[in-house]
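Each chain is listed here by its residues.
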Amino acid sequence: MARVELRQLRYFVAVAEELNFGRAAERLLIAGPSLSQQIKALERDLGVRLFDRDRRSVSLTPAGADLLPHTRALLERADDLQRRAGRLSGSQSVRLGYVNWLPPDLMSRTASVARVHVDAWVAPSHTQAARVADGSLDLAVCWVRTEDLERLGLRARLLGADRLYAVAKGTDTGELPARDTDVLIDEDVTSWASWNVYAEELTQAVGARAVRISDGAVTGPAFFDHVRRCTRPVLNSPKGQTVPLPPDLVRREVVAPKVYWTWSLVWRESEDRAGVLAAVDALGDGVGAGDLGVHAADAWLPADDPYALPG
């Protein structure tokens, strides 16, 4: 029994699931004769016959059927052990991109599980998601839709959420219905593709007014010039959430509904490296949609947001 290898147990499970040595060999990416020899060696070491086989069929023996669930459980425990060891090692390098927001405790949360390198290229959400998909990055913190995840072969976990507010002229700092805001939409889809998709849906959903611009001033100093020119308060984008306001402008909380923008941690569906998956767990553990307010009765998210409630 001491000679039994996990590799042989994986071979046993594959043959048991396929009930065909040829298909199992293709699945395992090994030669058919080698697979057959390994199964015979496993049967010899275990002291039981696992399969009845002839030229036309393969079937589990009673002993094989009895051992199969125990073998699967053993392999699951072995995989879990490997993942835990990877998390403890902290030796794997992980490349992470972002747009303009990162968890403030990112490095402390990931220090024990991976060496996270924050990419210097700050790019829009749709660009960072595409870079993860093509392998340029391992992880990214960005805004995505369910459609984007399916199209790019990505998975996502919620890391944060910004409640968007409006910037206005005058001295009134009272709450403001979302329908009474202006929302800037820029014709530069290279830079503002994600925001434009979000903004278009928001205006249609709550009755806010879309204001088309072409100067890239969804954020930055020129954004405040648009506020001064518009007749209504202007919704502030996620990129402008922490920018100090000029003294002639005020912040107004948006209600009915409260408008949220979510930040996701995204990674490839096919990702199997322990360090990357451990970083995902370290950053995502303890983050709940309810805690961030996005599931409140008066909250708004786009319908295709991964964290939007059904209906």
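A quick note: this is a predicted structure, and the numbers were derived from the prediction, not measured. (Residues numbered from 1 in each chain as written. Predicted model: local features only at pLDDT ≥ 70, side-chain atom pairs only at ≥ 80, totals over all residues. Heavy atoms only, no water.)

Helices and strands together make up the secondary structure of the protein, namely eleven helices and 14 strands. Against the globule reference of 19 Å for 311 residues, the protein gives a C-alpha radius of gyration of 27 Å, more extended than a compact globule. Across its three principal directions, the C-alpha atoms of the protein cover 85 × 40 × 35 Å. Taking all contacts inside the protein whose residues are at least 6 apart in sequence as the whole, residues at least 24 apart take part in 72%. In the form shown here, the protein has an accessible surface area of approximately 15,600 Å², with 51% of it arising from carbon and sulfur atoms. Taken together, the 38 basic and 42 acidic charged side chains of the protein have centroids lying 5 Å from each other. (Helix = DSSP H or I, 4+ residues; strand = E, 2+ residues; numbered from the N terminus. Rg over C-alpha atoms; globule rule 2.2 N^0.38 Å. Contact = heavy atoms within 4.5 Å. Areas by Shrake-Rupley, 256 points an atom, 1.4 Å probe, with all protein chains shown as cover. Lys, Arg positive; Asp, Glu negative; His and termini not counted. Charge placed at Lys NZ, Arg CZ, Asp CG, Glu CD.)

This brings us to helix α10 (residues 274-284). For α10, the buried fraction is high: eight of the eleven residues fall into the buried class. What α10 keeps buried is the set Gly275, Val276, Ala278, Ala279, Val280, Ala282, Leu283 and Gly284. Remark: Gly286 follows α10 within two positions and exhibits a positive phi of approximately 85°. (Buried < 20%, exposed > 50% of the residue type's maximum accessible area, 1.4 Å probe, protein only.)

Moving on to the packing of aromatic side chains. Under the criterion given, the structure shown has eleven aromatic pairs. With 5.9 Å between their ring centres and 65° between their planes, Trp261 and Trp263 make a pair best called edge-to-face. An aromatic cluster of three or more residues is present, and its members are Trp101, Trp143, Trp195, Tyr198, Trp261, Trp263 and Trp300. The lysine or arginine in question, Lys239, covers the ring of Trp192, its NZ or CZ lying 5.0 Å from the ring centre. Sitting above the plane of the Tyr165 ring, Arg251 keeps its charged end 3.8 Å from the centroid. (Phe/Tyr/Trp six-rings, centres within 6.5 Å; stacked < 30°, edge-to-face > 60°. Lys NZ or Arg CZ within 6 Å of the ring centre and 35° of its normal.)

Glancing now at the side chain of Glu43. Along the chain, the position of Glu43 falls in helix α3 (residues 32-46). Reaching out from Glu43, the side chain makes a polar contact with the backbone nitrogen of Phe51 at a distance of 3.2 Å. The residues touching Glu43, leaving out its near neighbours within four places in the chain, are Val48, Arg49, Leu50, Phe51 and Arg53. (Polar contact = N/O pair within 3.5 Å; in protein donor to acceptor, adjacent residues only side chain to side chain.)

Next up on the list: the pattern of salt bridges. Applying the stated criterion to the full structure yields 28 salt bridges. Asp138 is the partner of Arg268 in a salt bridge, and the nearest nitrogen-oxygen pair spans 3.6 Å. Residue Arg268 is found in strand β13 (residues 258-268), and its partner Asp138 is found in the loop between α6 (125-134) and β5 (139-142); the two are separated by 130 residues along the sequence. Exposure class is identical for Arg268 and Asp138. Each is buried. (Salt bridge = Lys/Arg side-chain N within 4 Å of Asp/Glu carboxyl O.)

Core analysis: the largest hydrophobic core is formed by 60 residues, its most contacted members being Leu139, Trp195 and Tyr198. With residues near it in sequence (within four places) discarded, Leu139 still touches Val94, Arg95, Leu96, Gly97, Val132, Leu265, Val266, Trp267, Val276, Ala279 and Val280. Judged by nonpolar contacts, the second largest core, of 19 residues, contains Val4, Val15, Ala16 and Leu75. (Core = buried A, V, L, I, M, F, W, Y, C linked by side-chain atoms within 4.5 Å.)

Bringing the environment of Phe224 into the picture now. Summarising the element assignment, Phe224 is placed in helix α9 (residues 221-229). Phe224 sits in the buried class, given a relative accessible area of 9%. Sequence separation of Phe224 and Leu245 is 21 residues, and the distance between their C-alpha atoms is 8.3 Å. Ignoring any residue separated from it by four or fewer positions in sequence, one finds Phe224 in contact with Val167, Val243, Pro244, Leu245, Pro246 and Leu249.

Geometry only, nothing functional implied.
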